[in-house]
Amino acid sequence: MTDNPSQQFLFVAFLAFAMILLIPILQKRTGKDITRMLFGIRSRKEPDSQENVKKNREPRVRNGTKSDLTAFVAQLLRFTSKNGMRLVAPGTVSHDGKTARLTALVVAPGGIVGVYCLGFGGTIAPGNRKEPAGKTASWRQHINGEDKSFDNPVKACQEQQELIRSAMEQAGISAVLEVVTVFTNPQASLESTPAFVYHPKSFLQYLKEKEELKTGTLDIHQTALKLAELAGIKKEEKEKKGKKT
């Protein structure tokens, strides 16, 4: 290249002019932002795309805490005492070397309802919507942009219902029994779940509206005492009193 300043200037000017003509053509053919690739210059549309990302970003959701569970049990205790029912909590009935994982047992004149609580947050749905709720192997949880799986709660309820029914028969308790799932996390959104899977509010509504629970001849006080013994509650109370004395 010549050292003549005027020729250098003309050469640079020619290159600049050529780039002005070529860049739009290359961008049109490749679909890429050539200006940004060459010079690191941001396109004008990028701030809009960043804004869209912010708008589409999912709100941060947490899984349940012990306080969520405590609040629900307190609600349940108030409800049962006001509506002619008894509450046995925890509902950890033991039988044949196995123990039920229930938070509570609601004893009503028309039967007993076991409460299996879970604290998952986010969107909750059966793993396979085409299969019956109790047969699909796992359920799905979508939380904070991630998809996770957990054991089918309906199947868990069925297993615990069988365990508790066997324990009741051995203890001489004759009553209708059902075990249901309650998601205690206020940040849980139930999607395509069976009708017998609840939030705390919908579960209390269920207890309030189900007529079969209100009408019956079950002795709720004696039944609650027997269930408490099966759950080891009376034993724990005696042990606590023995330690105090």
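What comes next is a walk through the structure. (Residues numbered from 1 in each chain as written. Predicted model: local features only at pLDDT ≥ 70, side-chain atom pairs only at ≥ 80, totals over all residues. Heavy atoms only, no water.)

So, the pairing of strand S4 (residues 104-108)
Put simply, the rule reads: Exposed residues in this analysis have more than 50% of their type's maximum accessible area, buried residues have under 20%, and partly exposed residues fall in between, with area computed by a 1.4 Å probe over protein chains only. Numbered from the N terminus, helices here are DSSP runs of H or I no shorter than four residues, and strands are runs of E no shorter than two. Paired strands, in this sense, are two strands between which DSSP finds at least two bridges.
With five of five residues buried, S4 is to be regarded as a mostly interior element. Residues Ala104, Val106 and Ala108 line one face of S4 and the alternating positions Leu105 and Val107 line the opposite face, and both faces are buried. Bridge analysis of S4 against strand S5 (residues 111-118) gives five bridges, and the strand direction is antiparallel. By the bridge assignment, Leu105 is partnered in S5 with Gly114.

Description of the nonpolar core
This is how the line gets drawn: As used in this record, nonpolar core signifies buried Ala, Val, Leu, Ile, Met, Phe, Trp, Tyr and Cys residues forming a set joined through side-chain atoms within 4.5 Å. Contacts are assigned to residue pairs that have any heavy atoms within 4.5 Å of one another.
Val88, Leu105, Val107, Ile112, Ile164, Phe183 and Leu227 are the most contacted members of the largest nonpolar core, which has 32 residues in total. Of all the secondary-structure elements, those providing two or more residues to this core are S4, S5, helix H5 (153-171), strand S9 (177-183) and helix H8 (220-230). Of the residues forming this core, the biggest block, seven residues, is contributed by H5. Other than its neighbours up to four places away in sequence, Val88 contacts Ala104, Leu105, Val107, Ala224, Leu227, Ala228 and Ile233.

Quick word on the pattern of salt bridges
If charged atoms from side chains of opposite charge come close, those side chains can pair. So the rule is basically this: Between Lys or Arg on one side and Asp or Glu on the other, a salt bridge is scored when a side-chain nitrogen of the former is within 4 Å of a carboxyl oxygen of the latter.
One pass over the structure, following the stated rule, counts three salt bridges. A salt bridge links Arg62 to Asp68, with the nearest nitrogen and oxygen atoms 2.9 Å apart. We classify Asp68 as buried; its relative accessible area is 12%. Between Lys214 and Glu211 there is a salt bridge, with its nearest N and O atoms 3.5 Å apart. Here Lys214 pairs with Glu211, and both are found in helix H7 (residues 211-214), just three residues apart, close to one helical turn. Given a relative accessible area of 41%, Lys214 falls into the partly exposed group. Relative accessible area serves as the criterion here: at 46%, Glu211 is assigned to the partly exposed category.

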